[in-house]
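# Observations on chain architecture
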Amino acid sequence: MEFKKINKISKEQLLLIILLITQVFTMIIWGQNKQGFFMDEISTYGLSNSYYNPFTNWNADYYNEWKTPDYYMSYVETHEGTQFRYDSVYYNQSIDVHPPLYYYLLHTVCSFFPDQFTKWFGIGLNIVFYLIANILIFKISKKYFQDKWLWYIPVLFYGFSIVAASTVMFIRMYMLMTLLVLFLLYVHTYYVFDQDTLDKKSMILCAIATWLGSSTQYFFIYIAFFLTVFTCIWFAIKKQFKVMIKYALSMLCGIILLAITFPPMFKHVFSGYRGVETINNLTSFSDKSTAIKEYLYVIFNGMFAGLGTNIPIVITGIAALLILVIAGKIVYDRKQYGIAVIIMTIICYFVMIAVGVSGVVSRHLYCIYPLIAIVAVWIFASILSTRTSKAVTRIITIIFSIVICFVGYVNKDVEWLYQGGDYAKFLAYYNRETPAIFLCDMGYESSSNYFEMAEYDSFAVVRYESEDILSQLLEQKNNPMQLIIYVVNDQRGSEMVNEVAMQYGYAEIKQLNLYNGTLCYLLTK
């Protein structure tokens, strides 16, 4: 009997390993297709690796001077003497608006490879987080699904989704945040829910999970707060008031640990531009119905292959409410109150993001998609199981999940790939001996073309109003016969190119490329 049990467990583990290997291989393929970077991703490398230099475009010498490739690459790489300098990472993040944990980890990876840069430092780190996240999804699912074959479905449903690929491809802290949300839920599932007492191990795990998550992204605190509130309500209903107090204090300790280990959090949350923006949005009484609708469509597109986006929002809302009512009845009948806590946490976090964030920023929802996958599969399978056999429920749920993932890959796009980036870099390298200039308004616009800039032997960033500086720069290059100019793809940018051509005697203007919102022109006398 013991041998059979071991053999059974081995088969379950083997199936999970095959699923995970397939998912990792899929992420590597997506990683091969990533050709460029969002400006925040450039900052991710810079904040992690640049020695006491959080934003290179904040420096005066970033502008109005000819720079070589070494200048630009030094910002995103570690070097001899700056490896494993976590004091620098701490300083950079104290100037930024995010906590430092993710940047510590990326800096650690990059420190093993000084004077080198590759997208795979960030993508590889995210794939590790993604792998662990899927293992946690499996572990959590084992607690809520009686049919062992359904344990794998949330892993499949989330792991092969377009939004999972987007999270891994985005070299920011969101995949780590997603992992830590799952870790916090795992701790609650196995060490808090259904417990009559709360031992020291459970309290320490709650505090550590909260500390690590809030040290990654401040929005994690929303998750921790609502999870705490609904768990405390559960304890209160069961009249376990001592357990409730111990639990709440352990969660609070996680936030206190963040305050101790990273005091700049107070400045970030209460006076940083992100924090002030969020507070103002949450305390305003403006209509947020449009934002809520658009965020719902973001979820439909990211997790459900666009299902529901063509249906009027009123009908969608009624259908969602009906499903939640049915789910509530099933939760009550089966006494699986942990699912109810997860559902309420998802809803409250969603509302806080929709109301508190200006515009529609899809990445702020990344962390709840695994929770949505678990809940969606649970509701779908639970409703089916009341009408069909276990085998039929299993088959339909598996087919539905696979179809949704497949349709998502066919009809939707993975974010953050920036197709055309390889050609843009090739074009810059091909013209590397030609002096190149980025004409811009504020300066940060040039970050989107950072690695193109690093291909030129001589490159300068010049603000629109610095026409006298431009004249000096061209004189330093003996008024070259050809000049490359980058501008933002708008009317102002096009006007500036024409003005430069007329003022400095360039007779021919040829557009070479349009990439990442930036136009590239070759001017010839």
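Our subject in this report is the structure included herewith. Quick caveat, the model's predicted, so the values are computed rather than measured.

## Re a nonpolar patch on the surface
- A surface patch of nonpolar side chains, about 550 Å² in accessible area, is lined by Ile245, Leu249, Leu252, Ile256, Leu257 and Ile260.
- By the element assignment, Ile260 lies in helix H12 (residues 241-261).
- According to the relative accessible area criterion, Ile260 is exposed, its value standing at 60%.

## Describing the packing of helix H18 (residues 369-385) against helix H19 (residues 390-411)
- Between H18 and H19, the shortest axis-to-axis distance is 9 Å and the interhelical angle comes to 145 degrees. Between H18 and H19 lies a crossing whose hand is right-handed. Residues Val377, Phe380, Ala381, Leu384 and Ser385 of H18 lie in contact with H19, whose contacting residues are Thr393, Ile396, Thr397 and Phe400.
- Here the contact of H18 with H19 is composed, by residue class, of six nonpolar, three polar and no charged.

## Comments concerning the sheet that holds strand E4 (residues 508-515)
- Overall, mixed pairing links the five strands, which are arranged E2-E1-E3-E5-E4 in an open sheet. In this open sheet, the two strands that pair with only one neighbour each are strand E2 (459-463) and E4. If you compare each strand with its neighbour and ignore which way they point, the axes differ by 25 degrees on average.
- Where strand E3 (residues 482-488) and strand E5 (residues 518-524) come together, seven bridges link them in antiparallel fashion. By the bridge assignment for E5, Tyr486 is matched with Cys520.
- Across the sheet, helix H20 (residues 421-430) lies against E3 and E4, angled at about 145 degrees from E4, the strand it touches most.

## Let's talk about the packing of aromatic side chains
- The full count for this structure, using the stated rule, is 45 aromatic pairs.
- Between the aromatic rings of Tyr71 and Tyr72, the centroid separation amounts to 5.3 Å while the plane-to-plane angle is 85 degrees, which identifies the pairing as edge-to-face.
- Ring geometry for Tyr86 and Tyr104: centres 5.8 Å apart, planes at 75 degrees, overall edge-to-face. With a gap of 18 residues between them, Tyr86 in helix H4 (residues 86-95) and Tyr104 in helix H5 (residues 101-111) connect regions that are remote in the sequence.
- Its relative accessible area of 22% is what places Tyr104 among the partly exposed residues.
- Taking NZ or CZ as reference, Arg463 lies 3.9 Å from the ring centre of Tyr63, over its face.

## Digging into the pairing of E2
- The element E2 is largely enclosed, with a buried count of four among its five residues.
- Bridge count between strand E1 (residues 436-440) and E2: five bridges; the pairing is parallel. Bridge pairing in E2 places Cys440 opposite Arg463.

## Some details on the nonpolar core
- Formed by 147 residues in total, the largest nonpolar core has its most connected members in Tyr349, Leu365 and Tyr369.
- Counting residues in hydrophobic clusters, the runner-up holds 22 residues, among them Leu439, Tyr464, Leu470 and Val497.

## Overview of the pattern of salt bridges
- By the definition in use, this model includes six salt bridges.
- Lys425 serves as the salt-bridge partner of Glu455, at 3.9 Å between the closest nitrogen and oxygen. With a gap of 30 residues between them, Glu455 in the loop between helix H21 (450-453) and E2 and Lys425 in helix H20 connect regions that are remote in the sequence.
- Taking relative accessible area as the criterion, Lys425 reaches 33% and is therefore assigned partly exposed.

## What to know about the pairing of E5
- Across the seven residues of E5, seven count as buried, placing the element largely inside the fold.
- The side-chain alternation of E5 yields two buried faces, one formed by Thr518, Cys520, Leu522 and Thr524 and the other by Leu519, Tyr521 and Leu523.
- Here E4 runs beside E5; their pairing, made up of seven bridges, is antiparallel. Looking at the pairing, Glu508 lines up with Thr524 of E5.

## A look at a negative patch on the surface
- Taken together, Asp441, Glu465, Glu467, Asp468, Asp490, Glu495 and Glu499 make up a surface patch of like negative charges.
- Elements that contribute at least two residues to the negative patch include exactly helix H22 (467-476) and helix H23 (491-503).
- Along the polypeptide, Glu465 turns up in the loop between E2 and H22.

## Describing the environment of His107
- Tracing the chain through its elements places His107 in helix H5.
- Once the C-alpha coordinates of His107 and Thr118 are considered, the two residues, eleven residues apart in sequence, prove to be 13 Å apart.
- Here His107 is in contact with Ser48, Asn49, Thr78, Thr82, Gln83, Phe84, Arg85, Tyr86 and Val89, once residues within four sequence places are set aside.

## Describing the environment of Gly46
- Within the secondary structure, Gly46 sits in helix H2 (residues 39-49).
- Along the primary structure Gly46 and Leu296 are separated by 250 residues, whereas in three dimensions their C-alpha atoms are 33 Å apart.
- Apart from the residues lying within four places of it in its own chain, the contact partners of Gly46 are Asn53, Tyr75, Val76 and Asn92.

Thresholds, definitions, all that
Residues numbered from 1 in each chain as written. Predicted model: local features only at pLDDT ≥ 70, side-chain atom pairs only at ≥ 80, totals over all residues. Heavy atoms only, no water. Patch = residues over 30% accessible without salt bridge, like charges linked within 9 Å, V, L, I, M, F, W, Y side chains within 5 Å. Areas by Shrake-Rupley, 256 points an atom, 1.4 Å probe, with all protein chains shown as cover. Salt bridge = Lys/Arg side-chain N within 4 Å of Asp/Glu carboxyl O. Helix = DSSP H or I, 4+ residues; strand = E, 2+ residues; numbered from the N terminus. Buried < 20%, exposed > 50% of the residue type's maximum accessible area, 1.4 Å probe, protein only. Axes fitted to C-alpha atoms, helices over the stretch in contact; angles between N-to-C directions. Left-handed = near helix turned anticlockwise from the far one by under 90°. Contact = heavy atoms within 4.5 Å. Nonpolar A, V, L, I, M, F, W, Y, C, P; charged D, E, K, R; others polar. Pairing = 2+ DSSP bridges. Phe/Tyr/Trp six-rings, centres within 6.5 Å; stacked < 30°, edge-to-face > 60°. Lys NZ or Arg CZ within 6 Å of the ring centre and 35° of its normal. Core = buried A, V, L, I, M, F, W, Y, C linked by side-chain atoms within 4.5 Å. Lys, Arg positive; Asp, Glu negative; His and termini not counted. Charge placed at Lys NZ, Arg CZ, Asp CG, Glu CD.

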